[in-house]
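# Tertiary structure, described
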Amino acid sequence: MSEGYYNSKKTDDICGDVCGQQGSRAALSMSRLRCVLRGLDFKTLIFLFVVIPVSFFFIYLHGQKISYFLRPLWESPPKPFHEIPHYYHDNVPMETLCKLHGWGIRESPRRVFDAVLFNNEVDMLTIRWKEMHPYVSEFVILESNSTFTGLLKPLFFASSRDDFKFVESRLTYGVIGGRFKKDENPFVEEAYQRVALDKLLRIAGIEDDDLLIMSDVDEIPSAHTINLLRWCDDIPPILHLQLRNYLYSFEFFLDNESWRASVHRYQTGKTRYAHYRQADVLLSDAGWHCSFCFRHISEFIFKMKAYSHNDRVRFAHYLNRKRIQDVICEGADLFDMLPEEYTFKEIIGKLGPIPHSYSAVHLPSYLLDNAEKYKFLLPGNCKRESG
Ligand SMILES: *[C@@H]1O[C@H](CO)[C@@H](O)[C@H](O)[C@H]1NC(C)=O
Ligand SMILES: *[C@@H]1O[C@H](CO)[C@@H](O)[C@H](O)[C@H]1NC(C)=O
């Protein structure tokens with residue numbers, strides 16, 4: 001009996017001999033496993049040991065992409081805006097421009113308050129304020145020593161305040177202490193800072209029917225848009241601004257879909273600083289939104305770690321300097337994400353890097369007047385400064 005067992009082991013047929021045989025416990029269970037495997041055909045084995053693990057690994061790497069791609073299935077688009085046509089030309093008088101929009105002209109313009117939460121966008125802030133400063137009565141800026149994700153941050157505005165002398169006489173700068181709560185949703189700290197900005201606006205002296213611009217630093221309304229809205233009567237109480245979306249610089253034009261910036265005729269007790277949708281009207285072609293338009297790679301890294309979408313930094317190598325530089329020059333996505341859209345057609349239309357644009361027409365004037373200083377924002381200069 002045992003002779004036959006050892007002999008037949010030389011043959012291929014393990015199961016036939018071992019299954020049901022006596023032996024040490026360990027040997028027996030090993031053999032049983034072999035028997036089970038033997039019972040499965042080659043295709044099933046491939047499926048178990050190759051296809052399933054590879055799929056899990058793929059989902060681990062691309063889970064976020066998959067859920068973005070499937071977004072049209074689980075989320076329907078918001079109600080579309082009512083888009084107001086926007087008329088503008090340098091040589092057309094204000095009265096005519098107001099009339100073209102169906103508005104009257106005022107005896108004197110409204111006062112304009114521009115209010116922002118400041119993180120680290122020094123270059124964008126300069127271009128913003130230079131663009132708007134002929135028409136803004138008060139620049140209100142709030143800075144915290146905490147990022148939205150609860151990291152301690154230097155007061156970047158305080159340390160570069162000397163570069164903003166051109167607004168000093170119209171500046172209200174506030175500093176707020178962070179709450180430094182661990183593991184909190186970054187949107188909570190952001191909301192807390194926006195409430196503080198409401199208080200700062202009252203300190204700055206805002207009154208009823210003053211115009212209040214609510215937007216992020218990198219959402220820049222064009223000067224002529226502000227001028228139109230401060231001169232015309234009967235403009236809507238809340239108006240969203242449609243801005244052209246750019247990524248990294250004005251070389252990468254994405255689309256015209258930015259709408260979060262808004263202009264309010266201030267109402268005491270009612271107007272609250274917010275960065276979400278507050279009305280259904282949208283003024284067409286009203287400025288620029290330049291996301292991640294930084295001069296230094298270190299600023300990209302800071303922003304990637306510090307703000308509301310830091311969960312998108314899924315792998316440490318996303319913060320690698322060389323990778324970031326390459327991604328910028330390609331017009332690809334820093335977080336390796338898919339476009340956030342509501343239809344498959346739009347997602348597919350935007351797959352892959354953003355095409356280069358060689359137009360530097362209709363950009364903020366300060367940018368062109370100082371093209372050498374802001375070279376990195378103009379077409380053909382994707383290389384960032386070290387530091
Ligand atoms: C943050 O700023 C607040 C207010 O200026 C200050 O009281 C607090 O000590 C600062 N926190 C840290 C950790 O520096
Ligand atoms: C964006 O708007 C501008 C001006 O209204 C227009 O010329 C351009 O074709 C639009 N681009 C896209 C991609 O919608």
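Residues numbered from 1 in each chain as written. Chains lettered and ligands numbered in written order. Predicted model: local features only at pLDDT ≥ 70, side-chain atom pairs only at ≥ 80, totals over all residues.

This next bit is on the site of ligand 1. Asn145, Leu152, Val175, Gly177 and Gly178 make up every residue found near ligand 1. Here the residues of the shell around ligand 1 are counted per class, giving two nonpolar, three polar and no charged. (Near = placed C-beta within 6 Å. Nonpolar A, V, L, I, M, F, W, Y, C, P; charged D, E, K, R; others polar.)

Turning to the UniProt feature "transmembrane region" (unreviewed entry) in the chain, a few remarks are in order. With numbering aligned to this structure, UniProt lists the feature "transmembrane region" (unreviewed entry) at residues 40-61. Secondary structure content for residues 40-61 is 91% helix and 0% strand, while the C-alpha to C-alpha distance between its ends is 30 Å. (UniProt positions renumbered as here; feature names shortened; annotations may be inferred. Helix = DSSP H or I, 4+ residues; strand = E, 2+ residues; numbered from the N terminus.)

Attention now moves to the nonpolar core. Counting residues in each nonpolar core, the largest one holds 64 residues, and the members touching the most others are Phe113, Ala115, Phe118 and Ile213. Top element by residues in this core is strand β2 (residues 112-118). It accounts for six residues. The residues contacting phenylalanine 113, other than those within four sequence positions of it, are Ser137, Glu138, Val140, Leu201, Ala204, Ile206, Asp210, Leu211, Leu212 and Ile213. (Core = buried A, V, L, I, M, F, W, Y, C linked by C-beta atoms within 7 Å. Buried ≥ 20, exposed ≤ 12 C-beta atoms within 10 Å, placed from the backbone. Contact = placed C-beta atoms within 7 Å.)

Turning to the sheet that holds strand β12 (residues 287-291), a few remarks are in order. Strand order in the open sheet formed by four strands is β6-β12-β8-β9, with mixed pairing between adjacent strands. On the outer flanks of this sheet lie β6 (219-221) and β9 (253-258), each paired with one strand and no other. Within this sheet the neighbouring strands show an average axis-to-axis angle of 25°, counted without direction. Bridge count for strand β8 (residues 243-247) against β12 is four bridges, and the pairing is parallel. The partner of arginine 244 across the bridge, within β12, is tryptophan 288. (Pairing = 2+ DSSP bridges. Axes fitted to C-alpha atoms, helices over the stretch in contact; angles between N-to-C directions.)

Our next topic: helix α11 (residues 297-306). Among all positions in α11, only Ile297, Glu299, Phe300 and Phe302 are buried. Lining the buried residues of α11 we find α12 (321-330).

One non-glycine residue, aspartate 209, lies in the positive phi region at around 70°. Among the structural elements, aspartate 209 can be located in the loop between α9 (186-203) and β5 (211-214). A tally of 12 C-beta atoms within 10 Å means that aspartate 209 is categorised as exposed. The phi dihedral of aspartate 285 falls on the positive side, at around 45°, and the residue is not glycine. Assessed through the 16 C-beta atoms surrounding it within 10 Å, aspartate 285 is described here as partly exposed.

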